[in-house]
Amino acid sequence: MVLLYAAGVAYVLPPLLVVAVAAVLRGGRTLFDRLALAVALLTGAVCLGGLVFAVWPWGLHPVAVAGFAFTALIAIAACCGRGPSLPRPRRSDVVALSAVAAVAALLARPLLRDGLTGRLAIVLDGEDLARHAAVFDAIRRTGGYLFQQPDAAERLVYRGMITYPQGSHLLASLVDGFVRSSPGDFGSGTAMLSHYLAYVAGGHVLLTLALVWAAQWLGGAGLTPARQLPLVAFVAGVCGLGQLVELWRMGYPSQTAGLAAAVALLALLARPLSRVREQFLLVSALLVAVGFTYYLYLPPVLAAVALWCWRRRPRGHRVALLCCALAALVSAGPMAAGLLLAGQAGALFTVGSLRLGRTALVALAVLVALAFLSGRVRRARIWRGYALAFAPVALFAVALLAAQRLSGAGSGYYANKALFLVFALLLAGLGALATATVRVPVRWPLAVALFAAVTGTSAVVGRQHRPTPLFTAADAILRTYARYPSGPTVIVGDDKGYDSYRMTLFLQTLQRTSGAMATATYGPEPVTSPRRLDAVVEQTPGPLRLVALSPDAERRALEVSARHPSRAVSVVLLD
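What you see is a predicted model; the values in this text were computed from it and never measured. (Residues numbered from 1 in each chain as written. Predicted model: local features only at pLDDT ≥ 70, side-chain atom pairs only at ≥ 80, totals over all residues. Heavy atoms only, no water.)

Quick look at the overall build of the protein
On a plain count of helices and strands, the protein comes out with 28 helices and three strands. Expected size for 575 residues packed as a compact globule is a radius of gyration near 25 Å; at 24 Å, the protein falls within 12% of this value. For the protein, the spread of C-alpha atoms along the principal axes amounts to about 80 × 50 × 45 Å. Across the protein, the fraction of contacts at a sequence separation of at least 24, relative to all contacts at a separation of at least 6, is 79%. (Helix = DSSP H or I, 4+ residues; strand = E, 2+ residues; numbered from the N terminus. Rg over C-alpha atoms; globule rule 2.2 N^0.38 Å. Contact = heavy atoms within 4.5 Å.)

Below you can see the structure in the form of structure tokens.
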């Protein structure tokens, strides 16, 4: 490990760790099962380990983290008497991994093809990613969760993000240390953002992996090789082309990570591993992952786990059950801190543009419901477990929708986010079709044709996807940063306020002034208020630079500067 770190190739260590963990696990029948379970276990372990990283002396140092992980794995394997063993690769493994790789290629193509301006334009439609990138950068700099070191964090990020669930940001920060083979190389603002965009895309790939695995896992014995192709192609196609892509484009990495962990956990509840201790270990790890990445999904997931424990009543495994209960308490920590200490419950009925299309949701629900009309499905233990896991998820989403309607406030933002979990679980539930049609032959040529059709459509859509209207805004942000890489700066455009505000957020992330400018950015008037720019000038500590994007914007900025002669405000026109 030390040699790999010294040679600058520490990035090989995380994949090696995934394979090593997969070799020690014994759950699952295929190599793809083992790898998916290993990723799930390590995700929860990293989220829990983040509590240690902030207090031990090495922070996120790659050698320290990898050394501890490999040492712990060797010790656990020795105590359990398990030598390394992996299933032989099968054709089904190639199909599943190829589908996940196809989605990865679809996401990577615009990131590699369109340059930095194109990368930024892809995610510029939403403002959230600017804050997420700032949290990622702050964790890299502080070496752990921000809520464990709030004083240092407040100088780096907006105060409201300090108690935000940070499991996905911690995972990305940890990986970045391995990629750079350095705990202290943070890169320039643009390099930092490019890395983070790659990790956000990687999070969507992990969601694809979780959904493909869950659909196959629930399909069970009914999922013959010929049926696997269309199922995997459809699930991967939805991940790469459907509404789930909105999570990547709008900049919701925490929700993406929470969805992946929640779907994997619910699939394990529907079809548990044969080894009870391993089952409890993975359930515990995934509970922590859900709670630390996106705790909105934790209440229905906790309810599903409680129902599973009540239904199974595992006897003779009190220690495992106690560890699972402890993991449930730990997983609820971020939610308790956010709701009770940070007052995040007030944001439940907030306004947002994210909305899950009802047509696709209803279509999936009808397909799964039709499968449940089959007596073979209703009698299957897996699908009875699936229904029991699905019930609290659906009830939670319905409760949020009803509360939203009764309150008459907001736009159903978080209710729609809850529906995304329903959508993802229905997508995984398509494996029921394989059980319902177990006696209906599906020919390989038809399966291959369906797979090729989805893959070809993905390639065409991926080639055509180019968010041109946002290139101009992305270019303005990057040119401003190239000219002014530091110092409090606000972009002033010809819009009504929101576009300039959003561009300023991303600029502050690149300049690493999100914390210093937080009061001026989030405290003043609404973004569309005529007094917004005056309020920003009044609340900015120290000198401020106003960068105008047009002569009209320059005139307005000069008028604002003239109204505040006591403030050190400079106005420049971006050439």
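Now that the structure has been shown, the text picks up again.
Concerning the environment of Glu 127
Structurally, Glu 127 is set in the loop between α6 (115–123) and α7 (128–142). C-alpha separation for the pair Glu 127 and Arg 502, spaced 375 residues apart in sequence, amounts to 5.7 Å. Apart from the residues within four sequence positions on either side, Glu 127 is in contact with Tyr 498, Tyr 501, Arg 502, Leu 505 and Phe 506.

Topic: the nonpolar core
Membership of the largest hydrophobic core comes to 182 residues, with the highest contact counts inside it found for Trp 213 and Leu 244. The element contributing the most residues to this core is helix α10 (residues 189–219), with 18 residues. Setting aside its immediate chain neighbours within four residues, Trp 213 contacts Phe 32, Asp 33, Ala 36, Leu 37, Ala 264, Ala 267 and Leu 268. If you look at the next biggest cluster of nonpolar residues, it comprises 15 residues, including Val 492, Ala 520, Val 536 and Val 571. (Core = buried A, V, L, I, M, F, W, Y, C linked by side-chain atoms within 4.5 Å. Buried < 20%, exposed > 50% of the residue type's maximum accessible area, 1.4 Å probe, protein only.)

A closer look at the confidence of the model for the protein
For the protein, the mean per-residue pLDDT works out to 89, and 93% of the residues sit at or above 70. Counting interchain partners and residues more than four positions distant, the pLDDT-below-50 stretch residues 454–468 has 16 contacts. (pLDDT = per-residue confidence, 0-100.)

Some remarks on a nonpolar patch on the surface
Side chains of Val 362, Val 366, Leu 370 and Leu 373 sit close together on the surface and give an oily, nonpolar patch of about 380 Å² of accessible area. Residue position: Val 362 is located in helix α18 (residues 358–372). On the basis of relative accessible area, Val 362 is assigned to the partly exposed category, the value being 49%. (Patch = residues over 30% accessible without salt bridge, like charges linked within 9 Å, V, L, I, M, F, W, Y side chains within 5 Å. Areas by Shrake-Rupley, 256 points an atom, 1.4 Å probe, with all protein chains shown as cover. Salt bridge = Lys/Arg side-chain N within 4 Å of Asp/Glu carboxyl O.)

Brief notes about helix α14 (residues 276–293)
Helix length check: α14, at 18 residues, gives a terminal C-alpha distance of 26 Å against a target of 26 Å (1.5 Å per residue), a fit within 8%. Counting buried residues in α14 gives 15 out of 18 residues, a clear majority hidden from the surface. (Expected span 1.5 Å × (residues − 1).)

As for the sheet that holds strand β2 (residues 544–548)
Read across the open sheet, the three strands follow the order β1-β2-β3; overall the sheet is parallel. On the outer flanks of this sheet lie β1 (489–492) and β3 (569–573), each paired with one strand and no other. Taken over all neighbouring pairs, the strand axes of this sheet differ in orientation by 25° on average, direction set aside. Two strands pair when backbone bridges link them, and β1 and β2 are joined in this way by four bridges, in the parallel orientation. Of the residues in β2, the one forming a bridge with Val 490 is Leu 546. In this fold helix α28 (residues 551–563) packs onto β1, β2 and β3, with an angle of close to 170° to the strand it touches most, β3. (Pairing = 2+ DSSP bridges. Axes fitted to C-alpha atoms, helices over the stretch in contact; angles between N-to-C directions.)

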